[in-house]
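What the coordinates show
These are the residues of each chain, in order.
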Amino acid sequence: MIRKAFLTIVMLVAAMTMNAQKFALVDMDYIFKNIPAYERANEQLSQVSRKWQAEVDALSTEAQTMYKNYQNEVVFLSKEQKQAKQDAIMKKEKEASDLKRKYFGPDGELFKKRTALMSPIQDEVYNAVKDIADLRGYQLVIDRASDTGIIFGSPKIDISNEVLQKLGYAN
């Protein structure tokens, strides 16, 4: 009997604790799409990425052309000439690979540029979300745009428009 009463009290306390917590949803994709600076930064990144990819592709194409030429004339080359051509091809392929790593690697130029352009905007949005959460007493704000497995979120608890309004992008 005492065990049952204790279990019931624990369940009631847990239920009351859960009811006391406040949650909100935010759609970060929606917010970022409504911030012109974010869209401009994305466009800049796309342009730079295309330019750098063209440079990498040009080197790769050059290496492929060198290899095709080598295959066509391999029967006419001496051993030293073959080795020299193979070395030149490998050097060009390494050049392309190094350039790709420099631009697109984990610590590459694109990552650095993305960080420089996007971080201030993302920090501003984060601070606006945090301010609203503190003001309204939310313990948890979930991004509905991410893959968190949210099946349904009531529009009543979505604070995306409020975040945009706080940032000065009233929608």
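First, a word on what this report is: a plain description of the structure on this page.

Procedures and definitions
- Residues numbered from 1 in each chain as written.
- Predicted model: local features only at pLDDT ≥ 70, side-chain atom pairs only at ≥ 80, totals over all residues.
- Heavy atoms only, no water.
- Helix = DSSP H or I, 4+ residues; strand = E, 2+ residues; numbered from the N terminus.
- Buried < 20%, exposed > 50% of the residue type's maximum accessible area, 1.4 Å probe, protein only.
- Contact = heavy atoms within 4.5 Å.
- Areas by Shrake-Rupley, 256 points an atom, 1.4 Å probe, with all protein chains shown as cover.
- Core = buried A, V, L, I, M, F, W, Y, C linked by side-chain atoms within 4.5 Å.
- Patch = residues over 30% accessible without salt bridge, like charges linked within 9 Å, V, L, I, M, F, W, Y side chains within 5 Å.
- Salt bridge = Lys/Arg side-chain N within 4 Å of Asp/Glu carboxyl O.

Okay, the overall build of the protein next. When helices and strands are counted, the protein shows six helices and two strands. Listing every helix and strand of the protein by position from the N terminus yields α-β-α-α-α-α-β-α. Per-residue burial for the protein yields a buried fraction of 23% across its 171 residues. Put simply, of all contacts in the protein between residues at least 6 apart along the chain, 75% involve residues at least 24 apart. When the accessible surface of the protein is summed, it comes to about 12400 Å², and 57% of that surface belongs to carbon and sulfur atoms.

Bringing the nonpolar core into the picture now. One finds Val26, Ile31, Phe32, Ile35, Val125, Ile159 and Val163 to be the most contacted residues of the largest nonpolar core, which totals 29 residues. Those elements that provide at least two residues to this core are β1 (23-26), α2 (28-33), α3 (36-73), α4 (79-104), α5 (109-136) and α6 (160-167). Of the residues forming this core, the biggest block, eight residues, is contributed by α5.

Of note, Met28 is situated in helix α2. Of the residues examined, Met28 reaches a relative accessible area of 18% and is grouped as buried. As a C-alpha pair, Met28 and Ser160 span 132 residues in sequence and 7.5 Å in three-dimensional space. Excluding residues within four positions of it along the chain, Met28 makes contact with Val125, Asp143 and Ala145.

A cluster of nonpolar side chains, Phe23, Leu140 and Ile157, forms an exposed patch at the surface whose accessible area comes to about 220 Å². Here Leu140 falls in the partly exposed class, since its relative accessible area comes to 36%.

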